[in-house]
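Breakdown of the fold
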Amino acid sequence: MIDLRSDTVTQPTPEMRQAMVNAPVGDDVLGDDPTVSALEAYVAELLGKEAAVYMPSGTMTNQVALRSHTQPGDEIVLEAEAHIYYYEGGGPAALSGVSCRLLPGEGGVFSAAAVKGALRPRDPHFPRTQLVCIENTHNRSGGRIFPLETIQSIAKVCQEQDLRLHMDGARFWNACAATGISEADYARPFDTVSVCFSKGLGAPVGSALVGSAAQMQVARRFRKMFGGGMRQAGMIAAGALYALEHQRDRLVEDHENAQQLAQGLQGIKGVVIDPAAVETNIVNFEVPDDSAEAVVKELAQDGVALLASGPCTIRAVTNLMVTRQQIDLAVEAIAQTMRR
Ligand SMILES: *Cc1c(COP(=O)(O)O)cnc(C)c1O
């Protein structure tokens, strides 16, 4: 099976499994797990922040970030199709009691002027605007990159208006690999960043929230409250640490493969695709007549797994399990299916 459904479908390599088996562990809720501590220190250093907190999922890191930046009744500002709003089960309302002010995005990107336009006057009539969230890369728009200059101008508005700034960086590593901007430079404008180890990096479990030592102390309390305090978590943190050290540099291969796939799809009759919109490892394309489900089903029988993301839209995500040669095979299979 050539599995292009997501970059979360990867299997740990034998070397990664070995690192996990051999990891020294302890009770991390008591602060005793050396592997978790090493992972947190490494991630914090990489992003140029004081501290990090390891958590079971990207959803939890985002929701803990929201809870630790806001009070019930506050409002947060984010893009209309942001993962935090779109795919996290209504978490902002349920877990933090905040309302979401949605900004229209262009490939997930919005401007500093749009943020300014969404701000509430400081007046008892209005919710208190408290936090702005940026998603980099942006999932629903197909892995689009949020430009650093735009982030910097948004951060300036946040500073002037005393707002916090959070990055949902589930695919932050992809944004860094694609732009060549260092993790620390990209993370500098943010109060908190959430990063994921179980997507492109290929670890089995986990994400981390990164920020100041004081902010991470608050986050650690909410992680416990949300049920994310883990005991001998070094077993899984070792996989994340291994992935960071050994599987980060290769993300550019996933981007090359995604571009190869996009170029290949461009030649297929009936497929609508814009290769210029493929900036990282996600390829969204369209098929005619609400046939996405049917096309995906048929391709699965031919050994190519994709996801229908709408009636006419299909998503393919390159990942470390998929080789360049398999990309060519996938293009061939899609071409054959479209001919039928
Ligand atoms: C996958 C993803 C998440 C959530 O990660 P989980 O570990 O699946 O909870 C958050 N944000 C974005 C942009 C994602 O793509």
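Before any of the text, the structure's been laid out above.
Everything quoted here is computed from the prediction, not taken from an experiment.

1. Observations concerning the sheet that holds strand 8 (residues 207–211)
- As summarised here, the arrangement of the seven strands in space is 2-8-7-6-5-3-4, forming an open sheet in which the pairing is mixed. The open sheet terminates on both sides in strands that have one partner only, identified here as strand 2 (51–55) and strand 4 (99–103). When the angles between neighbouring strand axes are averaged without regard to direction, this sheet yields 20 degrees.
- Relative to strand 4, strand 3 (residues 75–79) is paired through five bridges, and the arrangement is parallel. Paired with I76 across the strands is C100, a residue of strand 4.

2. Some details on the pattern of salt bridges
- All chains considered together, the criterion is met by 17 salt bridges.
- Across the salt bridge formed by R128 and D74, the nearest N and O atoms sit 2.8 Å from each other. Residue R128 is found in the loop between helix 6 (112–118) and strand 5 (129–135), and its partner D74 is found in the loop between helix 3 (58–69) and strand 3; the two are separated by 54 residues along the sequence.
- The salt bridge involving R140 is made with E81; its shortest N-O contact spans 3.0 Å. Remark: E81 occurs in the loop between strand 3 and helix 4 (83–86) and R140 occurs in the loop between strand 5 and helix 7 (148–161); sequence separation between them is 59 residues.
- Take R140: its relative accessible area is 24%, and that puts it in the partly exposed class.

3. Observations regarding helix 14 (residues 324–339)
- Over its 16 residues, helix 14 extends 23 Å from the first C-alpha to the last, a length consistent with the 22 Å expected when each residue adds 1.5 Å.
- Contacts from the buried residues of helix 14 go to strand 1 (2–3), helix 12 (251–266), strand 9 (282–286), helix 13 (292–301) and strand 10 (304–305).

How each quantity is defined
- Residues numbered from 1 in each chain as written.
- Predicted model: local features only at pLDDT ≥ 70, side-chain atom pairs only at ≥ 80, totals over all residues.
- Heavy atoms only, no water.
- Pairing = 2+ DSSP bridges.
- Helix = DSSP H or I, 4+ residues; strand = E, 2+ residues; numbered from the N terminus.
- Axes fitted to C-alpha atoms, helices over the stretch in contact; angles between N-to-C directions.
- Salt bridge = Lys/Arg side-chain N within 4 Å of Asp/Glu carboxyl O.
- Buried < 20%, exposed > 50% of the residue type's maximum accessible area, 1.4 Å probe, protein only.
- Expected span 1.5 Å × (residues − 1).
- Contact = heavy atoms within 4.5 Å.

Keep in mind these values describe shape, not function.
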